[in-house]
Structure formats: structure tokens, C-alpha cells
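# Summary of structural features
Here is how the chains run, residue by residue.
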Amino acid sequence: MTQRAYNFNAGPAALPLEVLQQAQEQFVDFQGIGMSIMEISHRSKQYEQVNNDTQALMKELLGIPAGYEVLFLQGGASTQFAMIPMNLLQAGQSAGYILTGSWADKAYKEAKLIGNVYAAASGEANGFTRMPGQQELTVQEQTAYIHLTSNETIAGSQFLQYPDTGSTPLIGDLSSDIMCRPVDVSQFAMIYAGAQKNLGPSGVTVVILREELLQNSPKHLPTMLRYDTHAKTKSLYNTPPVYSVYMVNLVLQWIKRNGGLTQMEQLNRSKTDLIYNAIDQSGGFYKGLVDPSSRSLMNITFALESDELEAKFIKESEKHGFVGLKGHRDVGHLRASTYNAVPYESCKALADFMKQFQQQNG
Ligand SMILES: *Cc1c(COP(=O)(O)O)cnc(C)c1O
């Protein structure tokens, strides 16, 4: 067996080894049909089963209540930045965006191309080092929806608790933290997530939305960009990303085998505790970039005293088999992404490496 890297990539990111091995076993011959899942019709009974099972597993693991649709779309979470206002923001209405960092800002700017938007809250004043609280939220009249980014993948911040928007629909981008912990889906009118961080490979975006939202799309909207098109056809209007959906299916089965979201959260907490403790107990050698109240379970961001020391950290980490610890090019510093599929052992190894690096350079 080849040595697996300590993979802390931000996205695409680590997948469970078990899932990769299972996919490998079925790669050439899916369920004894003499072909791979990629070589058969998306209307075959085999693929229909994969599609239905993946939907059912999403519902089961997230505890999605009745009255919601689960869609598998293409174009990434970034296409949702446009589809949301195109479908849900009517003339005479506006949409409120909770500005928490790079991803929220992208969603906000895209929506601005389509309709009236405003900042319902902003973390700009504190440099996006924590998520805004309930009392910082302003909801204007005629608001079609409030949009939030559950986990800011680049900054390393995460909502511990989502704001209550009352009767105004809440939409959440959960691209980098879906399934990392239990979530009360009923708080949201819609949740969406690109798969490539916590659900599988890139190529499919999961959209979970209340059925009543399907009724409002403007008549002129192109077919592929309408939620109702995909809801009516069980996400089989056109050829879906079959392999990505299949891989998501295997990842969801893996989550289920491992105890579901409660267990995922416990495991994620034990993993991130190791690394946050290494930061907090370093006497200032490592500096966390996010306020402890908003620290992410998925992306741990931290800094060292100088650029030179950070460069040395990355170089030495690579020699020890660590991958992906460089911060995002927009913010620099260091980042360890500890998604569901990143093993506890990788996090333990990183915490040990951090202590060793401090001893040698502190
Ligand atoms: C990665 C990411 C996106 C972008 O996803 P794409 O599928 O590449 O479009 C959007 N939002 C968040 C929070 C992300 O982490």
C-alpha cells in the first residue's frame, strides 16, 4: 500500500480511504454489470438507484423535514450565488447578506448583478475575525431572503449558532461545513453546498430547499437555471455528474456507518482541539486568526511571527508528509482544513509537528 499523505487541503480535499477503496473495487465493473457507473445511461435503473439512495441518505443524515426538495446540480456553489437571486429575488424586493468574509462577499457581489441587495450584518469592522451575533442583524422591509455563509473557508470562522430571521427565509451556504455536525434544517428555507469539501469530489452541488420556493421563479428564466426544472425531474433533467453523485453516495454511507452527524461532530471536535490547543498553549508562538467564539471546526487558520518563519514551517511540514498547510492566497499565513474525512491521526501528527517546530524555532 502506498503511504497516504497527511492531507489538509482546503478543497478539493481529503476523501475517506475506505470510500476510495470501495470506488476502486467498483471502478471497472459496477455491481456485476460489466461496465462502470460512468458508462451507462443516467436513466438506467442502476443510476436511478444511486440517485434515489443519495437523496434518501441526505434526508436521513441531515434529518431533513417533509416539504423540502434535495437537488443535485452542476456549476458549483458559485452558480448558486447567481441562481438564488435569479429565482428568489423579485422586483420590489431586496435580499440581505450577512458579510463574514470572502465567500459571503462573493455571494453578495453576484446577487448585486441581479437585484437589490444590502448588508444585513457585517464583520468588516472586526476584520472578519468573528461571526456577527443576533443583535447585529438588520432585516429591512420587503426582504426576500437573508443569506449567510455558515463557514468561511478562507478566514477559518464558523457560526456556532445561526441567527433567527423570523419569518424571513434564511439561505445558507454550507459548502465547507455541511455534515460536520447536526443542523436543524428547518431554520433554513434553503441550504446549498458544493461537494468537494465535505461530501465528495467536485462536480456536484447539493441544494436543499423548501417546496414553496419553487413557485416564484420568473417566467423568462432559462430552463437549466430554474430550481423547479430540477425538482420536477429528480435532478435528471439533463445528464447529471454521475460519478460525483455516486461518490457522494459512498461518502454518505461512510458517515452513516460511522455514527452520523453527532459522531462526526465529536470526532471533528477532538481533531480540532488537538490543533487549537497546540496554538493556545504555544505562549503566542502560534497565533489563531479567529476569535475563539467563532473558530471553525473545518478550517483552522493561524500565523507565525514572520513570513520567513511561516515559509520555513510549510517547507518542513512538507518534508514530514503534510500537504495543504499554506493559507489561501488572499490572506496568507497558515491553514489546516480538517474536514470529516481527515483522520484523527493526521491531526495528532500535525499537533505533534507544531510542538516540535516550536521547540526548534521558538
Ligand atoms: C469552496 C466554496 C465555495 C465555492 O464553491 P465552488 O463549488 O468552487 O463554486 C463557495 N462557498 C464556500 C463557503 C466555499 O467554501
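Conventions and cut-offs
Residues numbered from 1 in each chain as written. Predicted model: local features only at pLDDT ≥ 70, side-chain atom pairs only at ≥ 80, totals over all residues. Heavy atoms only, no water. Axes fitted to C-alpha atoms, helices over the stretch in contact; angles between N-to-C directions. Helix = DSSP H or I, 4+ residues; strand = E, 2+ residues; numbered from the N terminus. Parallel < 35°, antiparallel > 145°, perpendicular 65-115°, else oblique. Left-handed = near helix turned anticlockwise from the far one by under 90°. Contact = heavy atoms within 4.5 Å. Nonpolar A, V, L, I, M, F, W, Y, C, P; charged D, E, K, R; others polar. Near = heavy atom within 4 Å. Polar contact = N/O pair within 3.5 Å; in protein donor to acceptor, adjacent residues only side chain to side chain. Areas by Shrake-Rupley, 256 points an atom, 1.4 Å probe, with all protein chains shown as cover. Domains from an automatic or database assignment. Salt bridge = Lys/Arg side-chain N within 4 Å of Asp/Glu carboxyl O. Pairing = 2+ DSSP bridges. Core = buried A, V, L, I, M, F, W, Y, C linked by side-chain atoms within 4.5 Å. Buried < 20%, exposed > 50% of the residue type's maximum accessible area, 1.4 Å probe, protein only. Patch = residues over 30% accessible without salt bridge, like charges linked within 9 Å, V, L, I, M, F, W, Y side chains within 5 Å.

## Quick word on the packing of helix α3 (residues 76–88) against helix α4 (residues 102–112)
The axes of two packed helices give the description: the angle between them and the distance between them. Orientation of α3 relative to α4, taken along the N-to-C sense of each, is 45°, at an axis distance of 8 Å. Taken together, the axis directions place α3 and α4 in an arrangement best described as oblique. As α3 packs across α4, the resulting crossing turns out to be right-handed. Residues Phe81, Ala82 and Pro85 of α3 lie in contact with α4, whose contacting residues are Trp103, Lys106, Ala107, Glu110 and Ala111. Tallied by class, the residues present in the contact of α3 with α4 amount to six nonpolar, no polar and two charged.

## Points about the site of the ligand
Taken together, 13 residues form the shell around the ligand, and within it Ser78, Thr153, Asp173, Gln196 and Lys197 come nearest. Asp173 is positioned such that a nitrogen or oxygen atom in its side chain is 2.6 Å from a nitrogen atom of the ligand. In isolation the ligand exposes 390 Å². Once the protein is present, 88% of that is buried. Among the elements that line the shell around the ligand, the one with the most residues is α3, at four residues. Looking at the shell around the ligand, its residues break down into three nonpolar, eight polar and two charged.

## Structural notes on the domain arrangement of the protein chain
Structurally, the protein chain comprises domain 1 (18–257) and domain 2 (260–361). Of the residues lining the interface, 24 residues belong to domain 1; the matching set on domain 2 comes to 23 residues. The interface formed by domain 1 and domain 2 contains zero salt bridges. On inspection of domain 1 and its partner domain 2, the count reaches 14 residue pairs in polar contact (both at pLDDT 80 or more). Mapped onto the side of domain 1 that touches domain 2, the elements with two or more residues apiece are α2 (45–62), β7 (157–158) and α6 (242–257).

## Topic: the sheet that holds strand β11 (residues 287–288)
Here we have three strands laid out as an open sheet, ordered β11-β12-β14, and antiparallel in their pairing. What marks the edges here is a single partner per strand, and that holds for β11 and β14 (334–337). Across two bridges, the pairing between β11 and strand β12 (residues 299–303) is antiparallel. The residue of β12 that forms the bridge with Gly288 is Phe302. The strands that helix α7 (residues 260–280) touches are β11 and β12; relative to β12, the one it contacts most, it runs at about 15°.

## Overview of the nonpolar core
In terms of nonpolar packing, the biggest core is built from 53 residues, with Met58, Leu62, Ile178, Met179, Ile208, Leu252 and Ile255 touching the most fellow members. No other element matches the 10 residues that α6 contributes to this core. Every residue in contact with Met179, bar those within four places of it in the chain, is listed here: Met58, Leu61, Leu62, Asn198, Leu199, Leu252, Ile255, Leu261, Met264 and Asn340. Residues Ala14, Phe302, Ala336 and Val342 belong to the second largest nonpolar core, which totals 28 residues.

## Some details on a nonpolar patch on the surface
Where nonpolar side chains cluster on the molecular surface, the patch consists of Phe27, Val28 and Met38 and spans about 300 Å² of accessible area. Following the sequence through the fold, Met38 ends up in the loop between α1 (17–25) and α2. Met38 gets classed as partly exposed once you look at its relative accessible area, which sits at 40%.

## Topic: the packing of α1 against α6
For the pair α1 and α6, interaxial distance at closest approach is 10 Å and the crossing angle is 130°. If you check the angle between α1 and α6, you find them oblique. Here α1 and α6 pass one another in a crossing that is right-handed. Facing α1, whose interface residues are Glu18, Val19, Leu20, Gln22 and Ala23, α6 presents Tyr243, Tyr246, Met247, Leu250, Val251, Gln253, Trp254 and Arg257.

## Some thoughts on the pattern of salt bridges
Tallied over the full model, the rule gives nine salt bridges. Residue Arg130 pairs with Glu136 through a salt bridge whose shortest N-O separation is 3.2 Å. Judged by its relative accessible area of 28%, Glu136 falls in the partly exposed class.

## Here we look at the environment of Pro16
Tracing the backbone shows Pro16 in the loop between β1 (6–7) and α1. Filtering out sequence-adjacent residues up to four positions away, Pro16 remains in contact with Val251, Trp254 and Ala341.

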